[in-house]
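Each chain, letter by letter, is given below.
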Amino acid sequence: MKKTTNCQLGDHCHNPRWKSHSQTIKFGEKPGQLNSYSPSFLDTNYTFTFNLDVSDVLTDFENQGFFTTFDGTKIAKADFKGFYIAGNAEPLSWDFVNLANKGLLLKPTADPNIYSITVRLNPYDAAAGEEKKWTLTEDISTKPKYKSNIPLIDALYNLSLEEAKKNIELDSTLRTGSKWAGVWTRDVSYSTYLAFAHLEPEAAKISLRKKVKRGRIIQDTGSGGAWPISSDRTTWCLAAWEIYLYTGDEEWLNEIYPVIKNTLDDDYKTLYNTDYQLYMGESSFLDWREQTYPKWMDNKDIHASLNLGTNAVHYQAHKILGEMSKIKGEPYQIYIDRANAIRQGMQKHLYQPDLGFFAQYLYGRTSLIPSKKFEALGNALAVLFDVSDKDTSQKVISSAPLTEFGTTCIYPQIQDIPPYHNNAIWPFVQGYWNLASAKAGNEKALEHGLASIYRAAGLFLTNYENMVASTGDYKGTEINSDRMLWSMAANMAMIYRVFMGIHFQSDGIHFNPCIPKAYDGERTLENFKYRNATFDITVIGYGNTIASFTLDGKELDKPFMHKDAQGKHTIKITLQNNEFTPSSIHIVDNHVALSTPLVSQQDSMLIWEPINGAKKYHIYDNGTLIGTTKNTRFICPTGAYHNIMVTAEDSKGYESFSSEPTIRYAKSIVLEMEAFAPKASYPFTNYNGDGFIEISLQKNKDIQIHVPVNEEGDYFLDMRYSNGNGPWNTDNKCAIRSISVNETYAGVLVFPQNYARMNGRTGDIPIKKVHLKKGNNLVRLHFEDWNHNMNVDDNTAMIDQMRLVWEVKWRKMIPTV
């Protein structure tokens, strides 16, 4: 069957006489009204040329060195890389980072002011529709052999073993995917925890060693220059500890202990928000900003946000370090206390009793509110790691919105964002959700999740990274690859961790199979190696309660094998064929949330355009819901300090992302940084005062700023800066500095990358709350060992101003609506 795309290009290409090119489009101007058209379908492999008039851009580059876009953004000639086309119809893409790699660069024509590109729209490859089949070609005889009365599952397990073997590189590291070379911290860590700690422990060790530098875990390159904007490098701890639990290797324990300790100690000084008892930073694995954050949030906002999944990982990492410290006879209570504090913060600030699950993250600059979207991985980890108690865990699993084809990364979806994390199902995330469902004893959720994993692998005959939630197809996602490490790990984890119920702990293996009734039967896992022992394991029946557990024919009281077991043994587990604890499942249609309100300010009035489908709007002030309205304007409370955010609610009760915070305050102090350190001599522009200063590993490593205030209290501090050491979405050169107030350490200020090159332009950084005494205060901006970024050699930014804003105690006010 031919693939077709509905054509709505108006006069540009309407049936029956298709045109082969567009009218010339003026860059920077919104296209006018399209002429009338007759909706129809494009032929497959339809060739079309787009022409773009870029004369205004080139003229401004020549005359003033920059071009100003419709929203006021200035693009410097020095930053210009080319003109690209983006869109949501193949082969177009919204993956702005990789447009060049996708061949979407427009090129100059004979007219130097006209750039063009010819693309093949609605591409169709007849071979892609041919019937597929898979035949085992690799020798997997040394791996655990699984057999059951469901041949499809047996085959997909073997397929995953084969793909796992193919993903071991010549240097013995674990390849991320067929199309993704190299080792990525979170990918290999989540995969190792699921299956590779026992399937390929030596390859997993070598891979984890690749992600260590300066005795600390490496955060992969990413938003704003990597760590501390992205802060889920501690997934490494989960993997390293799981390898130890499996191998009992004391040398490995001694190797990983200082790495984990150094990393968590640095993170505590850098990321911990004492007001919320939570860690700052980007969502774990959901590291493509537009896919899970509102458009107004940039890297400074992401750094200041408090994410569910990332905090679940930090919580478990501290529990692990506490346990490791106990084993080694080192002080451990400090890490247990930090873990408990994170758990309390998650329960208090992220759990949403009215929804029955944990919120996606807290966001909003100076005062945070929850994003009430469901985040699958974070909620799964909260259940698996015991952030939630038993009753809450059961409610999380039963309340979570699950779509037809599986558990989406987030829910509801974001408007006008193509499938990748948004509107997508990831088998590895589904795997963690299935483990959580099994732990909570929710048979329906587990059965639904197993179907999601086996449907995808069975239809596509490989372990793809993701699939579109609305179609269940791998085609249509922005980036994808077959033979993905964490997808195959999730597939195999269903055998090891769910059907066979294998759980490694410091004293040995604990067994707790969890079999939905639909999967009733007998299943065996032969040649399963554990430390100095080898087991053949048989599980009979269904349910999640063990009727009997025998070792070499002898019944034991507990379903447990001690860590010191040796030799070859036969284990037989007979289940009670019991019904699981009565539970429900929340199946929903895939839903798209309303767009984010765009709020403008006119004197004391906030105004926004009506949002189609909105039933009402919620007004938040300083993190507290103070009212709802059906109007599209709001009179700001007077006096004091206000951080006002607006969300839109649809007919199903889902809230949109909040508007960008509107911050109103009574007083401020602005200090020019060149008054406290030598002025930089770079020929940059767009600064205030007489210039700006450079902070780097060579210059101004300790700046002392004298700040006089008339009254003691809490103040918000921010800085105008520029970090042009790389694009905002890649690289690893986020600048970091410690801040002390009157010789008391107050945390860090981060200066994320915000321009591709150093050019002197400035932007605010996350706001830091500090306490100042009446009179003169000494604020120090200084470099410490824990301020090293992932690049290590380059830790540079240009700073223009420091600003202090009064935080006056807020009194609850009723809005005028």
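Note that the structure is a prediction, hence the values are computed from the model and not measured. (Residues numbered from 1 in each chain as written. Predicted model: local features only at pLDDT ≥ 70, side-chain atom pairs only at ≥ 80, totals over all residues. Heavy atoms only, no water.)

Peer 1: How should I be thinking about helix α1 (residues 55–64) in this particular structure?
Peer 2: Count 3.6 residues to each turn of an α-helix, and residues three or four apart come out pointing the same way. When α1 is considered as a whole, its buried residues turn out to be S55, V57 and F61. In the core, the buried residues of α1 are packed alongside β2 (25–26), β4 (46–53), β5 (66–68) and β6 (74–76). A positive backbone phi angle near 85 degrees is found at G65, which sits one or two residues after α1. (Buried < 20%, exposed > 50% of the residue type's maximum accessible area, 1.4 Å probe, protein only. Helix = DSSP H or I, 4+ residues; strand = E, 2+ residues; numbered from the N terminus. Contact = heavy atoms within 4.5 Å.)

Peer 1: Can you walk me through the packing of aromatic side chains in this structure?
Peer 2: How two aromatic rings sit relative to each other is set out by the distance from centre to centre and by the angle between their planes. Following the criterion strictly, the structure yields 52 aromatic pairs and no others. Centre to centre, the rings of W288 and Y420 are 5.1 Å apart; their planes meet at 65 degrees, and the pair counts as edge-to-face. Of this pair, W288 sits in the loop between β13 (278–279) and α7 (289–292) while Y420 is found in the loop between β19 (410–411) and β20 (424–425), placing the two residues 132 residues apart along the sequence. The same class applies to W288 and to Y420, which are both buried. Ring centres of F428 and W486 lie 3.9 Å apart, and the angle between their planes is 5 degrees; on these two criteria the pair is classed as stacked. (Phe/Tyr/Trp six-rings, centres within 6.5 Å; stacked < 30°, edge-to-face > 60°.)

Peer 1: Just to check I follow, could you spell out the packing of helix α2 (residues 151–166) against helix α15 (residues 485–499) for this structure?
Peer 2: Relative orientation and spacing of two packed helices are given, respectively, by the angle between their axes and the distance between those axes. Two elements in contact, α2 and α15, have axes whose closest approach is 9 Å; the angle formed by their N-to-C orientations is 125 degrees. Judged by the inter-axis angle, α2 sits oblique to α15. Here α2 runs over α15; the crossing is left-handed. Between α2 and α15, the residues in contact are I153, L156, Y157, S160, L161, E163 and A164 and M488, N491, M492, I495, Y496 and F499, respectively. Among the residues making up the contact of α2 with α15, the classes are represented as 10 nonpolar, 2 polar and 1 charged. (Axes fitted to C-alpha atoms, helices over the stretch in contact; angles between N-to-C directions. Parallel < 35°, antiparallel > 145°, perpendicular 65-115°, else oblique. Left-handed = near helix turned anticlockwise from the far one by under 90°. Nonpolar A, V, L, I, M, F, W, Y, C, P; charged D, E, K, R; others polar.)

Peer 1: Got a minute to help me understand unusual backbone geometry in this structure?
Peer 2: When glycine is set aside, most residues are seen to have a negative phi, and most peptide bonds are trans. A cis geometry characterises the amide bond from W227 onward to P228, with omega recorded as 10 degrees. Counting through the fold element by element, P228 comes out in the loop between β11 (216–217) and α5 (235–247). In this chain, Y411 is followed by P412 through a cis amide linkage whose omega measures -5 degrees. Locating P412 in the fold gives a position in the loop between β19 and β20. Of note, R483 is a non-glycine position whose phi angle comes to about 55 degrees, a positive value. Note on placement: R483 falls in the loop between β21 (467–468) and α15. Unusually for a residue other than glycine, E743 sits at a positive phi of about 70 degrees.

Peer 1: Just to check I follow, could you spell out the pattern of salt bridges for this structure?
Peer 2: Working definition: two side chains of opposite charge can pair if their charged atoms are close together. Counted under the stated rule, the structure contains 33 salt bridges. The salt bridge involving D171 is made with K210; its shortest N-O contact spans 3.9 Å. Residue D171 is located in the loop between α2 and α3 (185–199), and its partner K210 is located in the loop between α4 (201–209) and β10 (212–213); the two are separated by 39 residues in the primary sequence. Overall, D171 belongs to the partly exposed group, its relative accessible area being 40%. A relative accessible area of 47% places K210 in the partly exposed class. Residue R186 pairs with D287 through a salt bridge whose shortest N-O separation is 3.0 Å. You can see R186 sitting in helix α3 and its partner D287 sitting in the loop between β13 and α7, a full 101 residues away along the chain. For R186, a relative accessible area of 5% gives the class buried. Among the ionic contacts, a cluster of salt bridges with common partners joins D298, K300, D301, R365 and E660. (Salt bridge = Lys/Arg side-chain N within 4 Å of Asp/Glu carboxyl O.)

Peer 1: Hey, could you run me through the pairing of strand β36 (residues 642–649) in this one?
Peer 2: Consecutive side chains of a regular strand alternate in pointing toward one face of the sheet and then the other. Across the 8 residues that make up β36, a large majority, 8, are buried. Side chains H642, I644, V646 and A648 of β36 all project onto a buried face; the interleaved residues N643, M645, T647 and E649 project onto the opposite face, where all are buried too. In this structure, strand β33 (residues 616–621) lies alongside β36, joined through 6 bridges in antiparallel fashion. If you follow H618 over to β36, its bridge partner there is T647. Relative to strand β37 (residues 662–664), β36 runs antiparallel, the two sharing 3 bridges. Its bridge partner lying in β37, N643 is registered against I663. (Pairing = 2+ DSSP bridges.)

Peer 1: Is there a simple way to think about the sheet that holds β37 in this case?
Peer 2: Within a sheet, each strand pairs with its neighbour through backbone hydrogen bonds, oriented either parallel or antiparallel. Spatially, 4 strands are ordered β34-β33-β36-β37 in an open sheet, and the strand pairing comes out antiparallel. Each edge of the open sheet carries a strand with a single partner, namely β34 (624–629) and β37. Between one strand axis and the next, the sheet turns through 25 degrees on average, direction left out of account.

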